Amino acid sequence: MNTRRLLASAAIALGVALSAELSVAQTLTMGVRGGPESLDPHYSALGSHAEAAKHIYDTLVWSGDDLQIEPGLATSWTALDDTTWEFKLREGVKFHDGSDFDAEDVKFSIERIPVVSGPTTTTIYVRRVAAVEIVDPHTIHIKTDGPAATLPYDFVRLFIVSSDAAKDYSTPETAAAGFNGGPAAVGTGPYKLVSWEPKGDLVLERFDGYWRGKGPWEKVIRKEMPNDSSRLAALKAGQVDVINYVSSVDYLALQRDSSVDAIVGDSVYIMNLQLDQRADTPLVRAKDGSKLDKNPLRDAKVREAIDLAIDRRSMVDIVLEGLGKPANQMMPPGFFGSSDKIATPEYNPERARKLLADAGYPEGFEIDLYCTSDRLPGDAAICQGLGQMFTQVGIKTNVNAISKTVYFPAQARLEYSVFMNGWGTLTGEASYTLGSLAHSNDPEVKMGAYNRIEYKNETVDKLLEEGAKTLDPEPRRKLYEQAMVETMADRVYISVVQLQTVWASKANSVIFQPRFDEDTLAFFIKPKS
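Residues numbered from 1 in each chain as written. Predicted model: local features only at pLDDT ≥ 70, side-chain atom pairs only at ≥ 80, totals over all residues. Heavy atoms only, no water.

**Student:** How do you make sense of the packing of aromatic side chains when you look at a structure like this?
**Tutor:** Geometry of an aromatic ring pair is reported as the spacing of the ring centres plus the angle between the planes. Throughout the structure, instances matching the rule amount to 20 aromatic pairs. Ring centres 6.4 Å apart and planes at 65° place the aromatic pair Phe-95 and Phe-101 in the edge-to-face group. Residue Phe-95 shares its accessibility class with Phe-101, and that shared class is buried. When the ring centre of Trp-62 is taken as origin, the NZ or CZ atom of Arg-212, which lies over that ring, is 4.9 Å away. (Phe/Tyr/Trp six-rings, centres within 6.5 Å; stacked < 30°, edge-to-face > 60°. Buried < 20%, exposed > 50% of the residue type's maximum accessible area, 1.4 Å probe, protein only. Lys NZ or Arg CZ within 6 Å of the ring centre and 35° of its normal.)

Pasting the structure below:
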């Protein structure tokens, strides 16, 4: 895939070297924009949560730098029949407390997730699992609720916890005390927990028994610093060694600063606008504040007008200072299930105004637009940009860029009418994204868990259900491609931009390869020898 090749090239070209003083200190201090919601890896599906968890815990299947699946705690996997997958487990793996990893821990972790998952649910990673059968300590059979072609991809976020350490901390009432306090936070990952302060520092020490080998740093400190300027200031002051999510404005300034190295990588995250399809939606009104007689977002002409109002090129060139790409669908080009038949979106404000008039809104209307301000690079700025563009075509827009800790629970409670957040196809294939967002929310088929706009297209539902049980890759790809075409044509999800991400380190200090999923993982940051 072109984007992945570009990423690899960028990493090689921009890999930077580390100062001798860091090599001696053997402590890596990272300034990160967001941290975990808790230390229970099964609580949240947010990227910042999983990123922190990967320091302490391993996943059953590993996702490589380019999101291709690789052996993790499972060394191989095979479909035995339509509803049975066999996973062979890695032998000789130890937990931080010295106990052995085996099939009991995998079964325990899978069965625990639906019980302790929070509002940004992790159940999507085990939704197809009907039963878990232990064959022997290093062989496990996963029974699925039907043919589940993408099960190994789902397991890239299946974190394995110790069944012994976590057995008394696996209910909604006990999980936080067990994991956040430490006794249950026992993994097989490269670093052991020392301490954690919510919204503060996560302190880790190297686990010398890690199965991949010793990590390069004896101690790792992840300092949660949501303010972009503060993170950069801390880097320049020598308080941290590496930072993530350098803002686009700061990135331009760093081009003239020889004391700092900047590393750019393509991101899997797409910023998607989402339009509520309920008959009665709460945060849309006439400009005089009165209630409209119907939800205008259900009108195809209105949704097309909103799409036409977005100047994606200016969003990338001006708002993001070039650190992104205009997006026309919910996954990066080349991903399994993305479609090359979807046209580049047009920017045409005059036609947008005409469509609004044709739909019965010649004077427009008013909306409240919600988004995160502290999760992904440029999220608040993109939101502000959208607000200005919508207002120019007659849709008065009140922008509310808020913390992700407030945004996502409110989104789960269906409190918004128009909202925007990033979504990354972390498994590299479409069932993860379309099955979560575009399928109608249907617990019976275990799809649509993140469909929070009550979108329903029966054709899309059927395509996704057929794709989920089609084991042959090529027919499955075509089903997902068609589902993507149908979904984007409805414009209830309007993709705006694909992000690029910037990390920074002290000049000549670390060797670091950007990951497509934007994770900043201490184990893979090396001091220059």
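Structure's up, so let's keep going.
**Student:** Before we go on, may I ask you to explain the side chain of Ser-170 in this structure?
**Tutor:** Mapped onto the elements of the fold, Ser-170 is located in the loop between α5 (151–154) and α6 (175–180). Side chain to side chain, Ser-170 and Arg-112 meet in a polar contact 2.7 Å long. Polar contacts involving the side chain of Ser-170 include one to the main-chain carbonyl oxygen of Ala-166, which spans 2.7 Å. Not counting residues up to four positions away in its chain, the partners in contact with Ser-170 are Phe-108, Arg-112, Val-115 and Val-116. (Helix = DSSP H or I, 4+ residues; strand = E, 2+ residues; numbered from the N terminus. Polar contact = N/O pair within 3.5 Å; in protein donor to acceptor, adjacent residues only side chain to side chain. Contact = heavy atoms within 4.5 Å.)

**Student:** How should the state of the cysteines be read in this particular structure?
**Tutor:** In a disulfide, the sulfur atoms of two cysteines are held together by a covalent bond. Tallied over the full model, the rule gives one disulfide. In this model, Cys-371 is linked to Cys-383 through a disulfide, with the two sulfur atoms separated by 2.4 Å. Taking the sign of the torsion about the S-S bond as the criterion, the disulfide between Cys-371 and Cys-383, at about -120°, is left-handed. With Cys-371 in strand β15 (residues 365–372) and Cys-383 in helix α12 (residues 379–392), this residue pair connects regions lying twelve residues apart in the sequence. Each member of the pair Cys-371 and Cys-383 is classed as buried. (Disulfide = S-S within 2.5 Å.)

**Student:** So what exactly am I meant to see when it comes to the pairing of β15 here?
**Tutor:** Across a regular strand the side chains alternate sides, sitting on one face of the sheet and then on the other. Of all eight residues that make up β15, eight are buried, and the element is covered over most of its length. Here β15 shows two buried faces, one formed by Phe-365, Ile-367, Leu-369 and Cys-371 and the other by Glu-366, Asp-368, Tyr-370 and Thr-372. Strand direction decides the pairing type here: β15 and strand β16 (residues 395–402), joined by eight bridges, are parallel. Within β16, the position partnered with Asp-368 by the bridge is Asn-398. In this fold, β15 hands off to α12, which returns the chain to β16; that crossover is right-handed. Direction of pairing for β15 relative to strand β17 (residues 418–424): parallel, over a ladder of three bridges. Looking across to β17, one finds that Tyr-370 is bridged to Phe-419. (Pairing = 2+ DSSP bridges. Right-handed = clockwise from strand over helix to strand, strands pointing away.)

**Student:** Where do I start with helix α10 (residues 312–319) in this structure?
**Tutor:** Side chains three or four residues apart in an α-helix point the same way, a direct result of the helix having 3.6 residues per turn. For α10, the full list of buried residues reads Arg-312, Met-315 and Val-316. The buried side chains of α10 occupy one side of the element, clustering within an arc of 90° when seen end-on. Considering only its buried residues, α10 is in contact with α9 (300–308), β14 (324–326), α12 and β18 (493–506). (Arc of directions from axis to C-beta.)

**Student:** Is there a simple way to think about the sheet that holds strand β7 (residues 139–144) in this case?
**Tutor:** The strands that make up a sheet pair up through hydrogen bonds in the backbone, lying either parallel or antiparallel. Overall, antiparallel pairing links the four strands, which are arranged β4-β5-β7-β6 in an open sheet. Since the sheet does not close on itself, it has two edges, and those belong to β4 (74–81) and β6 (129–136), each with one partner. Neighbour-to-neighbour, the strand axes of the sheet open up by a mean angle of 20°, direction not taken into account. Bridge analysis of strand β5 (residues 84–89) against β7 gives five bridges, and the strand direction is antiparallel. (Axes fitted to C-alpha atoms, helices over the stretch in contact; angles between N-to-C directions.)

**Student:** Is there a simple way to explain the side chain of His-55 in this structure?
**Tutor:** Tracing the backbone through its elements, the reader meets His-55 in helix α3 (residues 47–56). Reaching out from His-55, the side chain makes a polar contact with the backbone oxygen of Glu-51 at a distance of 3.1 Å. Within the structure, His-55 has its side chain in polar contact with the backbone nitrogen of Ala-522 (distance 3.1 Å).

**Student:** Can you help me understand the pattern of salt bridges in this one?
**Tutor:** Side chains that carry opposite charge are capable of pairing whenever their charged atoms lie near each other. The tally for this structure, following the rule as stated, stands at 32 salt bridges. Salt bridges linked by common partners bring Arg-33, Asp-228, Arg-231 and Asp-379 together as one network. (Salt bridge = Lys/Arg side-chain N within 4 Å of Asp/Glu carboxyl O.)

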